[in-house]
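# Chain and residue survey
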Amino acid sequence: MKHLKVFSIVLVVALLLAWVPAANAAPRAAVTCDQTYTVTAGDWLSKISDKFLGSVSAYWAIMAQTNKKNAEDPTFAKITNADQIEVGQKLCIPSKAEAEAFLKTFDPNNIDPGALFATGAKGQLVVGSWWTSAGEFAGLNEIYKLYKAANPDVEIVNAATAGGAGVNFKGQLLTKLIGGNPPDTFQLHAGLEVETYAPVETYLEPVDDIYASEGLDQVFPPDLAALLTYKGHKWGVPVNIHRSNVMWVNVPALQKAGLDKAPATWDEFFAAAEKLKAAGITPIAMGGAEGWEMAHTFEDILASTMGADGYRQLWTGERAWTDPGVTQALETFKKVLTYANPDRAAYSWPAAVDLVIQGKAAFHIMGDWANGEFTAKGKVAGVDYSWAPVPGTQGIFVGLSDMFALPKAAKNKENARAWIRLVGTKAAQEAFNPKKGSICARTDCDLTNFNDYLKSSAADWAKDKIVPSVVHGAAASPAWAKEFQDIITLFVTTGDVAAAQASLQQACVKAGVCK
Ligand code: GAL
């Protein structure tokens, strides 16, 4: 096909900082356009690139040139995703020679997002993350605003890769770290997830000095602080604390089925599910499109049947996976699945949350980034939606934390260090977390702007037993966590409790944690 539409881009570069006045930027070398072109209906970039440059794959050069032109003349478009150009946008077409020179160093199979955007007088800040959902980006954008205000001459490049829990991002990042072409800073869970990028000291730079200069050793709670040191160093600064074990509730849907509160036990859950089914409502929404959602649900069920201490001991090797609590968790999960939307494999986590928002389903088990989704869609906590700990996990907080880390090969290291210092501040955490659906990593945040859900989460964090999430990087080595996920995904298809339990025990042995 000659006019191939560009569908193959996994990397989503979605910089939405159009509000930043171009006048703030220091002068740069003028960008010349060989021609200008205004997008009309039915256009797409590769088609335009074929027309002007004689090649369907030279569109990257048009994207880069247009973005660079945009920095000096905002009447030109800022193209954040090569797949999405809009009618009326003005493009800056480079000469064939310029396009060829650009494409010589640009590798479409290993995209350097920095190459596609302008460079500020003080360089760029390329931020790698998997925060692309509405609530996730809303949170991140709050920190971008603070950063831009403090560093107007730095061009922020939002190098985000879609895929919840980092399912796509982490592999891509590893390739970039190995290839010496990483973003300047990137999202990393507190805990053993750092081993994904082993040998850590080869690829990452410790940030101990930032802890020292910003007084960070004093501001994080002990349960989080315990996850921050690896091989004697700090490798990132945490921005939040998320909770994995939340059951989100559509209250009117419950009422329709004659129910007045979320179930506190699995028995109550199954009784409620029967009533919801009879009322024509899907009892529990589930996603499964990205491969981690099932394991997420299961880790919470495991916490319910094992209790906080038992769950923790499974990850430390003090309890074997042959424990009856694991059998009970698998049996419970199997039964829960019979009340979920059968087409769950087609649903990403935000799509599953949306089933609850729309009242098509009554419950959904998901981390509290779902709270960011409800909020981004204008829903009010306690009015439009409600929440409860996953049945049987009252008093347990399955926790995780997002940090930002510093690659050794970062091209704009000082800009990255300024970012990492910023994410640790009270101001950044108070701006980011209400939108993201998490509570501050710091203990000194003012909760005035946090909604009722977040206030309840902060209260629970202070009194509950805290245990680490495995799916979100805190509890186990990356290899073990991946096996856990694969075993549970397979179990969803087979329903074979004995086989899944045996595999879980083997995975623990293989990880060197169980005997
Ligand atoms: C988690 C991450 C959260 C949220 C979620 C869904 O792993 O810690 O911040 O983004 O994935 O993508």
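Structure: see above.
Scope of this entry: the structure provided in the associated data block. Please read all numbers here as calculations on a predicted model, not as lab measurements. Sequence order sets the numbering: in each chain, residues are counted from 1 along the sequence as written. It should be noted that, the model being predicted, local features are given only for residues of pLDDT at least 70 and side-chain atom pairs only at 80 or more, the latter also being counted only at that level, while totals for whole chains, interfaces and linings use all residues. Hydrogens and water are ignored here; the side-chain numbers use all heavy atoms of the structure.

### Re the site of the ligand
Here a residue counts as near a molecule or strand whenever at least one of its heavy atoms sits within 4 Å of it. In the neighbourhood of the ligand, 13 residues make up the surrounding shell, with Glu136, His189, Asp402, Lys436 and His472 lying closest. Two N or O atoms count as a polar contact when they lie within 3.5 Å, although within protein this holds only if one can serve as hydrogen donor and the other as acceptor, and sequence-adjacent residues are included solely when both atoms are side-chain atoms. At 3.3 Å, a side-chain N or O of Trp130 approaches an oxygen atom of the ligand. Within the contact set of the ligand, an oxygen atom lies 3.1 Å away from a backbone nitrogen or oxygen of Ala165. Surface burial for the ligand is 100%, taken as the share of its 300 Å² of free accessible area covered by protein chains. Charged residues are taken to be Asp, Glu, Lys and Arg, nonpolar residues to be Ala, Val, Leu, Ile, Met, Phe, Trp, Tyr, Cys and Pro, and polar residues to be all remaining types, Gly included. Residues of the shell around the ligand, tallied by class, amount to six nonpolar, four polar and three charged. Here the Shrake-Rupley method, with its probe set to 1.4 Å, supplies the accessible areas, and only the displayed protein chains count as covering residues.

### Re the nonpolar core
Residue types Ala, Val, Leu, Ile, Met, Phe, Trp, Tyr and Cys, when buried and joined through side-chain atoms within 4.5 Å, form a set referred to as a nonpolar core. Accessible area is worked out with a 1.4 Å probe on protein chains only. A residue is then buried under 20% of its type maximum, exposed over 50%, and partly exposed in between. Among the nonpolar cores identified, the biggest contains 137 residues, and Ile284, Leu302, Trp321, Trp419 and Phe484 are the most heavily contacted of them. Strands are runs of DSSP state E lasting at least two residues, helices are runs of H or I lasting at least four, and both sets are numbered from the N terminus onward. Of the residues forming this core, the biggest block, eleven residues, is contributed by helix H11 (residues 293-316). Contact definition: two residues touch when any of their heavy atoms are within 4.5 Å. Setting aside residues up to four positions removed in sequence, Phe484 forms contacts with Ala295, Phe298, Glu299, Leu302, Trp315, Trp321, Val470, Val471 and Leu504. In this structure, Phe52, Leu91, Ile111 and Val126 belong to the second largest nonpolar core, which totals 28 residues.

### Examining unusual backbone geometry
The omega torsion across Ala198 and Pro199 is -5 degrees, close enough to zero to call that bond cis. Positive phi values are uncommon outside glycine, yet Ala165 reaches one of about 60 degrees. Among the secondary structure elements, Ala165 is positioned in the loop between strand E5 (155-161) and helix H5 (169-178). The backbone phi angle of Lys231 is positive, close to 50 degrees, even though this residue is not glycine. Position of Lys231 among the secondary structure elements: in the loop between strand E7 (229-230) and strand E8 (233-234).

### Some thoughts on the pattern of salt bridges
Each reported salt bridge corresponds to a side-chain nitrogen of Lys or Arg within 4 Å of a carboxyl oxygen of Asp or Glu. Under the criterion given, the structure shown has 23 salt bridges. Here Glu201 makes a salt bridge to Lys231, at a shortest N to O gap of 3.2 Å. Of this pair, Glu201 sits in helix H6 (residues 200-203) while Lys231 sits in the loop between E7 and E8; the two residues are 30 residues apart in sequence, bridging distant segments of the chain. Taken together, the salt bridges that share partners define one network made up of Arg243, Asp460, Lys463 and Asp464.

### Some words on the packing of helix H4 (residues 134-150) against helix H14 (residues 369-376)
Axes here refer to lines fitted to C-alpha atoms; in helices the fit is confined to the stretch in contact. Angles between the N-to-C directions go from 0 to 180 degrees. Interaxial distance between H4 and H14 falls to 7 Å at its minimum, and their mutual angle equals 90 degrees. As the angle between them shows, H4 and H14 are arranged roughly perpendicular. Two secondary-structure elements touch here, H4 through Ala134, Gly135 and Glu136 and H14 through Gly372, Glu373 and Ala376. Class assignment for the residues of the contact of H4 with H14 results in two nonpolar, two polar and two charged. Roughly parallel means an angle under 35 degrees; roughly antiparallel, over 145; roughly perpendicular, 65 to 115; everything else is oblique.

### Description of the sheet that holds strand E13 (residues 361-365)
At least two DSSP bridges between two strands are needed for those strands to be called paired. Strand order in the open sheet formed by four strands is E12-E13-E11-E14, with mixed pairing between adjacent strands. This sheet does not close on itself; its edge strands, each paired only once, are strand E12 (282-285) and strand E14 (386-389). On average, each strand axis in the sheet is inclined to that of its neighbour by 25 degrees, with strand direction left out of account. Looking at chain direction, strand E11 (residues 246-249) and E13 are connected through three bridges and run antiparallel. Its bridge partner lying in E13, Trp248 is registered against His364.

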